[in-house]
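# Remarks on the overall topology
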Amino acid sequence: MSFEKFCPNCGKETEWLVKGKCADCFLKSNSIFSVKNVSDKILHCGRCSKVLLQGKWIARSEKAVANEIESRIKLIPDLQGAKIFVEAEKIGRQNGKEDFSVKVKVIGIIDSQVIEQEKGYIIELQGNICDPCMRLASDYREAIIQLRTNSKKDAETMLHETEELIKEENSKDPLSAIVKTIKVRNGFDLWIGSKKSAVKVSRKLAKLYDTRPTVSNKLIGQNKDGSDKYRFTFCVKKL
Ligand SMILES: [Zn+2]
Ligand SMILES: [Zn+2]
C-alpha cells in the first residue's frame with residue numbers, strides 16, 4: 001500500500017515530496033547546483049589561440065572549457081550521491097571569435113527522491129595576448145642560431161630542418177619560436193625566443209651534420225636578481 005501525497009504547490013499526486021514539494025515544483029524554485037563566476041570571460045590569445053585557465057595558458061578545446069566549468073560547480077549540501085555531466089561546444093562567431101555553449105547536468109538524491117537538473121551557459125572568450133606571444137611579438141630573443149654553409153641549397157635545407165625542430169619543441173616550450181630570420185652571406189641568423197630550445201635544436205642539427213655547435217655569448221644586461229644576463233649564439237656549420 002502506498003501513501004499518495006499531494007504537492008501543496010501544484011496539487012499533483014506524488015509519491016515523494018522534496019522539501020515539501022513535488023520534484024517539478026522544487027526544481028522550479030531551487031537549484032541543486034551553481035557555477036562560480038560563470039559570467040567571467042575566459043581570456044584567449046589571438047595569436048596562438050591558447051586560453052588562460054587556472055593561471056595557465058593551455059590549448060583551446062571543448063574539453064579544456066568543460067573541465068574548467070566542472071571545477072567551478074558547487075552542489076547544495078542536501079544533495080547526495082551527485083553525478084555531474086558537463087559538455088562544452090564551440091559556437092562559431094563572426095570575426096573569428098569563438099565562444100562556448102556549455103551544458104551542465106547534475107543528478108543526485110534529496111529526501112530519497114532522485115532529482116535531475118540541467119542548465120545551459122554561454123562562456124565568452126575575450127581577446128588577449130599570452131605572455132610568450134607578447135614577448136615574441138616584441139622581437140624577444142634569448143638566443144641566436146647561426147646556420148652556416150657554402151652551398152645556397154644546403155642553407156635552405158638547414159633552414160627548413162631548423163624550423164621543423166623549433167616547431168617540435170614549441171608544444172613543451174611556448175617560447176620555442178623563430179622570431180626573425182635574417183639572410184646572411186653564408187647562411188642564416190635565426191632569432192630564437194627560448195634559449196633552452198636553441199640549445200636542444202642546435203645540438204640536434206649538429207648531430208645531423210656530424211659536427212659540433214660553437215657557442216658564444218654576449219652580455220646584454222642584468223637579470224632581476226642582479227646576475228649578468230647573456231644572449232647566447234649557437235653556430236652550426238655544414239661542411
Ligand atoms: Zn508540484
Ligand atoms: Zn599566445
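Residues numbered from 1 in each chain as written. Chains lettered and ligands numbered in written order. Predicted model: local features only at pLDDT ≥ 70, side-chain atom pairs only at ≥ 80, totals over all residues. Heavy atoms only, no water.

## So, the coordination of the zinc ion (ligand 1)
Going by this rule: With water omitted from the atoms examined, metal sites may look incomplete; donors here are N, O and S atoms no farther than 2.8 Å from the metal, or 3.2 Å in the case of Na, K and Ca. For four-coordinate sites, all angles between 85 and 135 degrees define a tetrahedron; for four- and six-coordinate sites, opposite donors beyond 155 degrees with the remaining angles between 65 and 115 define square planar and octahedral shapes respectively, and all other cases count as irregular. Under the DSSP-based scheme used, a helix requires at least four consecutive residues in state H or I and a strand at least two consecutive residues in state E, with every element numbered from the N terminus.
Donor atoms from the polypeptide that bind the zinc ion (ligand 1) are Cys7 (SG), Cys10 (SG), Cys22 (SG) and Cys25 (SG), placed at 2.3 to 2.4 Å. Bound by 4 donor atoms, the zinc ion (ligand 1) shows angles of 106 to 114° at the metal and therefore tetrahedral coordination geometry. In terms of primary sequence, the donors binding the zinc ion (ligand 1) are separated according to C-x2-C-x11-C-x2-C. Residue Cys10 is found in the loop between strand 1 (5-6) and strand 2 (13-14), and its partner Cys22 is found in the loop between strand 2 and helix 1 (23-29); the two are separated by 12 residues along the sequence.

## Concerning the environment of Ser29
Filter applied, for reference: Buried, partly exposed and exposed residues are distinguished by accessible area as a fraction of the type maximum, computed with a 1.4 Å probe on protein chains only: under 20%, between the cut-offs, and over 50%, respectively. Identification of polar contacts relies on pairs of N or O atoms within 3.5 Å, with a donor-acceptor requirement for protein atoms, meaning one able to donate a hydrogen and the other able to accept it, and with residues adjacent in sequence counted only if both atoms are side-chain atoms.
Mapped onto the elements, Ser29 comes out in helix 1. Residue classification places Ser29 among the partly exposed positions, given a relative accessible area of 48%. For Ser29, the side chain forms a polar contact with the main-chain oxygen of Cys25, separated by 3.3 Å. Here the side chain of Ser29 touches Asn30 through a polar contact of 3.4 Å, side chain to side chain.

## A few points about the pairing of strand 15 (residues 214-222)
The condition that has to hold: Only strands joined by at least two bridges in the DSSP assignment are considered to pair.
Taken together, the 8 bridges between strand 15 and strand 16 (residues 228-237) define a ladder with antiparallel strand orientation. Looking at strand 16, one finds that Gln222 is bridged to Asp228. A loop of 5 residues connects strand 15 with strand 16, the two strands running antiparallel in sequence, and Gly226 in this loop sits at a positive phi of about 90°.

## A short note on a negative patch on the surface
We apply this condition: Every patch collects residues that have over 30% relative accessible area and no salt bridge, joining them within 9 Å if they carry like charges and within 5 Å if they are nonpolar side chains (Val, Leu, Ile, Met, Phe, Trp, Tyr). Note on areas: Shrake-Rupley with a 1.4 Å probe; residue coverage comes only from the protein chains shown. One speaks of a salt bridge when a side-chain nitrogen belonging to Lys or Arg is within 4 Å of a carboxyl oxygen belonging to Asp or Glu. Positive residues here are Lys and Arg, negative ones are Asp and Glu, while His and the chain termini are left out of the count. For charged residues, the charge sits on one atom: NZ in Lys, CZ in Arg, CG in Asp, CD in Glu.
On the surface, a cluster of negative charge is contributed by Glu62, Glu87, Glu89 and Glu118. In this fold, Glu62 is placed in helix 2 (residues 62-71).

## Thoughts on the domain arrangement of the chain
Rule in force here: Note that the domain bounds were set by an automatic or database domain assignment. Contacts are assigned to residue pairs that have any heavy atoms within 4.5 Å of one another. Buried area is understood as the total, over both parts, of accessible area removed when two parts are fitted together, assessed with a 1.4 Å probe.
As assigned here, the chain comprises domain 1 (9-128) and domain 2 (131-237). Residue-level contacts link 5 residues of domain 1 with 4 residues of domain 2. Summed over both partners, the interface of domain 1 with domain 2 comes to about 310 Å²; 68% of that surface belongs to carbon and sulfur atoms. The three residues of domain 1 that bury the most area against domain 2 are Arg47, Lys50 and Trp57, which together make up 80% of that side's buried surface. The interface formed by domain 1 and domain 2 contains 0 salt bridges. Run the count over domain 1 and domain 2 and you get 0 residue pairs in polar contact (both at pLDDT 80 or more).

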